[in-house]
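Below are the chains, spelled out letter by letter.
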Amino acid sequence: MTSTQNNPAIALTIAGSEATGGAGAQADLKTFQQLGVFGIVALSCIVSFDPKQNWNHRFVPVEAQVISDQLEAITAAYQPDQLDTVKIGMLGTPLTIATVSEALASRDWKNVVLDPVLICKGQEPGAALDTDQALKREILPQASFVTPNHFESLSLSGMDEISSVGQLKEAAQRIYDASGATVLAKGGVRLVGSEAVDVFYDGSVLEVLSSPKVGDVAVSGAGCSLAAAVAAELAKGASALDAARAAKHFVTQAIRSRLGSHAPFDAVWQGAS
Ligand code: PXL
């Protein structure tokens, strides 16, 4: 390993490409870069929204062998003393999940940050039940940190309703109890009120992270960037709580600086902070 004075922390994201650049691997890499972390991608799938069909998802998985090949190259180049932090974004199929699960289990990671993407914006809930179940069964138990959004918190906690901060706290505790992973449960624009509230729980500390909402519409890439920022901060050696606080601050800035386009959603811009 060549060491230089300018030796950055390194983080890997296993994520999909979102062609318009707001979400997925593109958001992760921009976040890593902005936070001073050398970013690496293993691409799991390619999403190209369809402007002719109401911007619905077109989704193509990367072949399982090609996912394995990427991870083989990455983990051979960067041993655990250099690369100990991985962020997992959209995987998309049970076969991809099995492939990633096996690769994860084949070496020690200090930080496995899971953004448990169950469905993408625009997909029907329940459309991919086998994928959701595989993610819960094969990836969640390997996660050290998980960042569910409102829908994912309902699914992972088994609760029927999360409409208050108290219920979001209960969800975070239930997800921790079920997974053993530190939880940052995101209320986002889904809870009523003027604050965007997230709940952190690591088995002992329960903390509400709050910042004024920036509009009432979800911005593309916010969830990806939050989990990537958590991973970047952990890779640099931050504690889980400090990583969560820094990530919340970073994403709030990125939402404030969001970029509009001819797509019907804005994209976060990480470059302004
Ligand atoms: O925001 C979730 C997400 C993650 N990864 C990819 C996506 C999306 C949503 O569009 O396309 C590749």
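Residues numbered from 1 in each chain as written. Predicted model: local features only at pLDDT ≥ 70, side-chain atom pairs only at ≥ 80, totals over all residues. Heavy atoms only, no water.

Draft legend 1. Local environment of the overall build of the chain. In terms of regular secondary structure, the chain is built from 8 helices and 9 strands. By principal-axis analysis of the C-alpha atoms, the chain measures approximately 50 × 45 × 35 Å. Within the chain, the proportion of its 273 residues that are buried is 48%. Considering only contacts in the chain between residues 6 or more positions apart, those separated by 24 or more positions represent 67%. Summing over all exposed atoms, the chain offers an accessible surface of approximately 12,400 Å²; the carbon and sulfur share of this is 51%. The chain carries 19 positive and 28 negative side-chain charges, and their two centres are separated by 6 Å. (Helix = DSSP H or I, 4+ residues; strand = E, 2+ residues; numbered from the N terminus. Buried < 20%, exposed > 50% of the residue type's maximum accessible area, 1.4 Å probe, protein only. Contact = heavy atoms within 4.5 Å. Areas by Shrake-Rupley, 256 points an atom, 1.4 Å probe, with all protein chains shown as cover. Lys, Arg positive; Asp, Glu negative; His and termini not counted. Charge placed at Lys NZ, Arg CZ, Asp CG, Glu CD.)

Draft legend 2. Focus on unusual backbone geometry. Despite not being glycine, Asn54 shows a phi value in the positive range, around 60°. Note that Asn54 resides in the loop between strand S2 (37–47) and strand S3 (59–61). Classification of Asn54 as exposed rests on a relative accessible area of 67%.

Draft legend 3. Expanded view of the sheet that holds strand S5 (residues 111–114). A sheet is described by the order of its strands in space; here 9 strands give the open sequence S3-S2-S1-S4-S5-S6-S7-S8-S9, paired in mixed fashion. Both outer strands of the open sheet, S3 and strand S9 (206–212), are each paired with one neighbouring strand and no more. Note: S5 against strand S6 (residues 145–146), 2 bridges, orientation parallel. Across the sheet, residue Leu114 finds its bridge partner in S6, namely Val146. (Pairing = 2+ DSSP bridges.)

Draft legend 4. Spatial organisation of the packing of aromatic side chains. Inspection of the entire model under this criterion finds 5 aromatic pairs. Between the aromatic rings of Phe38 and Tyr78, the centroid separation amounts to 6.1 Å while the plane-to-plane angle is 55°, which identifies the pairing as tilted. In this pair, Phe38 is assigned in strand S2 and Tyr78 in the loop between helix H2 (64–77) and strand S4 (85–88), connecting sequence segments 40 residues apart. Among the residues examined, Phe38 registers a relative accessible area of 38% and is labelled partly exposed. (Phe/Tyr/Trp six-rings, centres within 6.5 Å; stacked < 30°, edge-to-face > 60°.)

Draft legend 5. Spotlight on the packing of helix H7 (residues 222–235) against helix H8 (residues 240–256). The contact between H7 and H8 brings their axes to 8 Å, and the two run at 140°. One finds that H7 runs oblique with respect to H8. The way H7 lies across H8 gives a crossing that is right-handed. From H7, Ala222, Ser225, Leu226, Ala229, Val230, Glu233 and Leu234 reach across to H8, where they touch Ala240, Ala243, Ala244, Ala246, Ala247, Lys248, Phe250, Val251 and Ile255. Grouping the constituent residues of the contact of H7 with H8 by class yields 13 nonpolar, 1 polar and 2 charged. (Axes fitted to C-alpha atoms, helices over the stretch in contact; angles between N-to-C directions. Parallel < 35°, antiparallel > 145°, perpendicular 65-115°, else oblique. Left-handed = near helix turned anticlockwise from the far one by under 90°. Nonpolar A, V, L, I, M, F, W, Y, C, P; charged D, E, K, R; others polar.)

Draft legend 6. Layout of helix H5 (residues 150–157). His150, Glu152, Ser153, Leu156 and Ser157 are the residues of H5 that are buried. Buried positions in H5, seen along its axis, are confined to an arc of 160° and lie on one side of it. The backbone nitrogen of Phe151 lies 3.2 Å from a side-chain oxygen of the residue at the head of H5, namely Asn149. Downstream of H5 by one or two residues, Gly158 has phi in the positive range, about 75°. (Arc of directions from axis to C-beta. Polar contact = N/O pair within 3.5 Å; in protein donor to acceptor, adjacent residues only side chain to side chain.)

Draft legend 7. Molecular detail of the pattern of salt bridges. Inspection of the entire model under this criterion finds 11 salt bridges. Between Lys186 and Asp115 there is a salt bridge, with the nearest N and O atoms lying 3.8 Å from each other. Highlighted residues: Lys186 in strand S7 (residues 182–186) and Asp115 in the loop between S5 and helix H4 (129–139), separated in sequence by 71 residues. Taking relative accessible area as the criterion, Asp115 reaches 5% and is therefore assigned buried. Residue Arg174 pairs with Glu170 through a salt bridge whose shortest N-O separation is 2.8 Å. Of the two residues, Arg174 and Glu170 are both situated in helix H6 (residues 165–179); the distance of 4 residues between them amounts to about one turn of the helix. Because the salt bridges share partners, they merge into one network encompassing Asp50, Lys52 and Arg58. (Salt bridge = Lys/Arg side-chain N within 4 Å of Asp/Glu carboxyl O.)

Honestly, it's all geometry; don't read function into it.
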